[in-house]
Amino acid sequence: MIKAGGMGLLGLTMPRILQGAEKRLPAIPIAPKAKSVIFLFQWGGPSQIDILDMKPDAPKEYRSPHKQIRTSNPDIEICEHLPRLSKWMDRCTVIRTLHHTMKNHNSAGYYALTGQRPPSDDQRLRDLPDLYPAYGSVVDRLAPGTVAELPTFVSYPHVVADGSRTPGQHASFLGKKHDPLFIPRDPNSKDFRLPELSLPHGLDIDRLHHRRGLQKLIDRQSRLMDRSAEARGMDQYYDRALRMLNSERARNAFDLSKEPEWLRDRYGRTTYGQGCLLARRLAESGVKFTTVYFASSIGGRRINDGGWDTHGFDNTRMYPIVEGYHLPITDQTLPTLLEDLDQRGMLDETLVVWMGEFGRTPKINKNVSRDHWPQCYSVLLAGGGVKKGFVYGKSDKTASAPEENPVTPEDLTATIYQLLGIDPETMIHDLQDRPVPISSGRPVWDVIS
Amino acid sequence: MVQANRIWYNLMGRGLVNPVDDFRPTNPASHPGLLEALAKDFADHSYDLRHLILRITTSRTYQLSTEADSTNNEDSENYARASMTRLPAEVLLDAAHSALGQPGKFKQYKNIKRALALPGIKGAFLENNPHHDDRFLHLFGKPPRLLNSDAERLNEISLAQAFEMTSGETLSTLLKAKGNRLDQLLSDKLSAEEILAELYWTAINRPPTTEEQEVLLQHIADRPGKERRGALEDISWALLNSKEFLFRH
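Residues numbered from 1 in each chain as written. Chains lettered and ligands numbered in written order. Predicted model: local features only at pLDDT ≥ 70, side-chain atom pairs only at ≥ 80, totals over all residues. Heavy atoms only, no water.

1. Quick word on the overall build of chain A
For chain A, the helix and strand inventory stands at twelve helices and 18 strands. The dimensions of chain A, computed from C-alpha atoms along their principal axes, are 80 × 80 × 40 Å. Taking all 449 residues of chain A together, 57% fall into the buried category. Here the contacts in chain A between residues at least 6 apart in sequence split such that 71% fall between residues at least 24 apart. Element-wise, carbon and sulfur atoms account for 52% of the exposed surface of chain A, whose accessible area totals about 19,600 Å². Taking the average location of the 59 positive side-chain charges in chain A and that of its 55 negative ones, the two points are 2 Å from each other. (Helix = DSSP H or I, 4+ residues; strand = E, 2+ residues; numbered from the N terminus. Buried < 20%, exposed > 50% of the residue type's maximum accessible area, 1.4 Å probe, protein only. Contact = heavy atoms within 4.5 Å. Areas by Shrake-Rupley, 256 points an atom, 1.4 Å probe, with all protein chains shown as cover. Lys, Arg positive; Asp, Glu negative; His and termini not counted. Charge placed at Lys NZ, Arg CZ, Asp CG, Glu CD.)

2. A look at the interface of chain B and chain A
Taken together, the contact between chain B and chain A spans 50 residues of the former and 39 residues of the latter. Overall, the association of chain B and chain A removes approximately 4,000 Å² of surface from exposure, summing both partners, and the carbon and sulfur fraction of that is 65%. Ranking the residues of chain B by area buried against chain A places Ile157(B), Phe163(B) and Lys243(B) at the top, with a combined share of 17%. Taken together, the links from chain B to chain A amount to seven salt bridges. Between Asp219(A) and Lys243(B) there is a salt bridge, and its shortest N-O distance comes to 2.8 Å. At the boundary of chain B and chain A, one finds 13 residue pairs in polar contact (both at pLDDT 80 or more). Put simply, the parts of the chain that give the side of chain B that touches chain A at least two residues each are strand S1 (85-86), helix H7 (159-167), helix H8 (169-176), helix H10 (192-204), helix H11 (210-221), helix H12 (228-240) and helix H13 (243-246) of chain B. Looking at the side of chain B that touches chain A residue by residue, the classes come out as 21 nonpolar, 15 polar and 14 charged. (Buried area = accessible area lost by both parts, 1.4 Å probe. Salt bridge = Lys/Arg side-chain N within 4 Å of Asp/Glu carboxyl O. Polar contact = N/O pair within 3.5 Å; in protein donor to acceptor, adjacent residues only side chain to side chain. Nonpolar A, V, L, I, M, F, W, Y, C, P; charged D, E, K, R; others polar.)

3. Describing the sheet that holds strand S10 (residues 350-355) of chain A
Residues and elements named next belong to chain A. With mixed pairing, the eight strands of this open sheet are ordered in space as S8-S5-S9-S1-S10-S13-S4-S14. A single partner strand is all that each edge strand has here, and the edge strands are strand S8 (181-182) and strand S14 (390-392). Where S10 and strand S13 (residues 377-382) come together, three bridges link them in antiparallel fashion. What sits directly across from Trp354, in S13, is Leu380. Lying on the sheet, helix H4 (residues 105-114) is in contact with strand S1 (36-41), strand S9 (289-293) and S10; it crosses S1 at an angle near 165°. Lying on the sheet, helix H5 (residues 135-142) is in contact with S1, strand S5 (153-156) and S9; it crosses S9 at an angle near 170°. (Pairing = 2+ DSSP bridges. Axes fitted to C-alpha atoms, helices over the stretch in contact; angles between N-to-C directions.)

4. What to know about the layout of surface pockets
Residue and element names in this part refer to chain A. Empty space within the second largest pocket amounts to approximately 310 Å³. Along the wall of the second largest pocket there are 17 residues; nearest its centre are Lys35, Ser36, Ala283, Gly286 and Val287. Of the residues contributing to the lining of the second largest pocket, the split by class is eight nonpolar, five polar and four charged. (1 Å grid on protein atoms, 1.4 Å probe; cavity = no way out; pocket = protein on both sides within 12 Å on 5 of 7 lines; lining within 4 Å. Points joined across faces, edges and corners; volume = space filled by probe spheres on them.)

5. Topic: the pattern of salt bridges
When charged atoms on two side chains of opposite charge get close, those side chains can pair. All names here are of chain A. What the rule picks out here adds up to 46 salt bridges over all chains. Between Glu284 and Arg280 there is a salt bridge, with its nearest N and O atoms 2.7 Å apart. A residue pair is termed a helical-turn pair when its members lie 3 or 4 positions apart in one helix, as Glu284 and Arg280 do in helix H10 (residues 271-285) at four residues. We classify Arg280 as buried; its relative accessible area is 0%.

6. Quick word on the pairing of S10(A)
Residues and elements named next belong to chain A. Across the six residues that make up S10, a large majority, six, are buried. Neither face of S10 is left uncovered, since the one carrying Thr350, Val352 and Trp354 and the one carrying Leu351, Val353 and Met355 both have all their residues buried. When S1 meets S10, the two strands line up parallel, connected through six bridges. By the bridge assignment, Val37 is partnered in S10 with Leu351.

7. Here's the deal with the domain arrangement of chain B
For chain B, the domain assignment lists domain 1 (2-83), domain 2 (87-176) and domain 3 (181-248). Using only C-alpha atoms to locate each centre, domain 1 of chain B and domain 3 of chain B end up separated by 37 Å. (Domains from an automatic or database assignment.)

8. Quick notes on the side chain of His326(A)
Mapped onto the secondary structure, His326(A) falls in helix H11 (residues 318-343). What His326(A) contacts, discounting residues up to four positions off in sequence, is Phe294(A), Gly306(A), Gly307(A), Trp308(A), Thr310(A) and Ile321(A).

9. A closer look at the nonpolar core
Residues Leu40(A), Met89(A), Phe254(A), Trp354(A) and Leu380(A) are the most contacted members of the largest nonpolar core, which totals 118 residues. Per element, the largest residue contribution to this core is eleven residues, and it comes from H11(A). For this core, the two domains that each supply at least three residues are domain 2 (87-176) and domain 3 (181-248) of chain B. Excluding residues that lie within four positions of it along the chain, Phe254(A) makes contacts with Leu150(A), Val154(A), Leu181(A), Ile183(A), Phe192(A), Leu194(A), Leu197(A), Leu278(A) and Leu282(A). In terms of nonpolar packing, the next biggest core, distinct from the first, is built from 47 residues, Tyr135(A), Leu381(A), Tyr417(A) and Leu419(A) among them. (Core = buried A, V, L, I, M, F, W, Y, C linked by side-chain atoms within 4.5 Å.)

10. Some remarks on empty space enclosed by the protein
Residues and elements named next belong to chain A. Applying the stated rule across the entire model yields six cavities of 30 Å³ or more. The space that makes up the largest cavity amounts to roughly 70 Å³. Lining the largest cavity we find Pro46, Ser47, Gln48, Ile51, Leu52, Trp354, Gly356, Phe358, Gly359, Tyr377 and Ser378. Partitioning the lining of the largest cavity into residue classes produces six nonpolar, five polar and no charged.

11. Details of the packing of aromatic side chains
All names here are of chain A. Within the structure shown, the criterion is met by 18 aromatic pairs over all chains. Both rings, one in Phe39 and one in Phe41, keep their centres 6.3 Å apart while their planes meet at 20°; by these two values the pair is stacked. As far as burial versus exposure is concerned, Phe39 and Phe41 are alike and both buried. Taking the centre distance of 6.5 Å and the plane angle of 40° together, the rings of Phe390 and Tyr392 count as tilted. A relative accessible area of 22% means that Phe390 is categorised as partly exposed. Feature note: the residues Phe39, Phe41, Trp43, Tyr135, Phe153, Phe289, Tyr293 and Tyr417 constitute an aromatic cluster, connected by ring pairs. Sitting above the plane of the Phe390 ring, Lys387 keeps its charged end 4.5 Å from the centroid. (Phe/Tyr/Trp six-rings, centres within 6.5 Å; stacked < 30°, edge-to-face > 60°. Lys NZ or Arg CZ within 6 Å of the ring centre and 35° of its normal.)

Below you can see the structure in the form of structure tokens.
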């Protein structure tokens, strides 16, 4: 018999206990600011101190060998090798204080692609269904796009991997139906087309419809669909597939040959460049979440190939690669994408996210390069309701740690969902059927205009 | 007990412990007495798998139909009726090949002609340029064997699968393959009725109904001469995409 001050349990605390058990009121719907997201994933980890968070006054062992240049935003200066981008900084928000503790590509990559902390900082993190889904899959589950013939979530052109496939690229426990439409093809190639939307040789859409009719005839006899929800689901997929195959809109959305040559040149005739162009085209057609993977490998070994992971191993030093490849291609593609969206009046409703899975060591290593640095890195956002010409968060003298306003990947995730009009506290059910929130962070309200 | 559960899972479509291989105190079997009895019986017969399979397949539970009525429609774990599940990837691919009389082809395993005989996952998961048969397996749920659990295989259905069957390479290659069953049937100079019956029995193990017979014979008749093969391709496609073919029922 616990005598805990008479009134204790029965008096003051009981109402609070009862309150806790009450159902939460349905959330007030959030008005979305962004109709779609273009997620430009910079696999390998771009260096913050060389690009968006330069520290010219830091000691020589730290600071970038590159100079800064002024931009259209007086509050920020960026790398001299990004002159075209500098003219667009008045439309971007830069967050300089992203931080986490995952030092490995696969664990950090998963964190970046899902906004959920991995169970361990394991480079061999296995892509198992107990891990969380990609952003786009969550969007497909909770707020799918409204164009019936187009998928909500499209990703291309590479599967990102470092040894093993990086988790966070598909729907995981949400189920295959929320997987992205993944296109493992080069948008820069002359015969770029979606295999799904291409009819086999000798078949036309009418014949496919006719075949579907025969299929329905056979199914009518057995009435197996009455017995199984799965069978009914499968049947619906056939209708959906046919609708998409029949859809001029779907076919057009993926047809880059419809873009003018000068614009294709402006984005650059590279896989990534045409990938950015495709992203604009898809957003325009109604695809809600497009992920463009910069490279399949973490890279850093060759010019013109691979991601941002320039450690300087085997004499493949960082700066020639960054100057000869990463920065020029970024300067060609990112401002072009922003300009293209802006000229079509789409920028205010399209959120562009440019980020990698971590930054790079503020102290230059003995290979005249930089290694992984998750403790403080930068992210660039534009459009879709973020502030124009804004810098959030301040890092320390050497861009090693956040000094003011640190932001976790969870917070960034919450911000993205918030901008899309999805409550970041919405629950989904994991593999063990436990309700879990889609983000365990809070939106960075200050970056939202 | 784990092995008994796995065999039960393979035969019944759902393990007594579900997900299969997820043995832990917080995930008890749906019928613990049955699982223990099966395990004991298995052990008592020197762990003879054939005995265990015989035991299960001769039971009334196994032989239940998947037909649903108002009393068992909602049931998913009490075996009031058999569960209707999509065929696993390898079985589906092999069945399609078999129905059209064509051997399979898998990168990395040159002499293997059936998906069920594949010794590993190299073709489907480690190959940069897989054959469409390998891609099919990957798409329909063949697991990469990263886990020591049969639950790694997910026989879910997806839009991508519907695309593969509708406009993808695997099925259309099979249908068009020279010398496949369709060509054989045509060269054997059988009547349309005989060909139709043959297609039905090979694919879904029953004769066509009156309605099917009427519509499909008309379909063939409307496409004479050179077009007849196309008509047979259409019918074969419909058969291989029918629920009777894709699902265990």
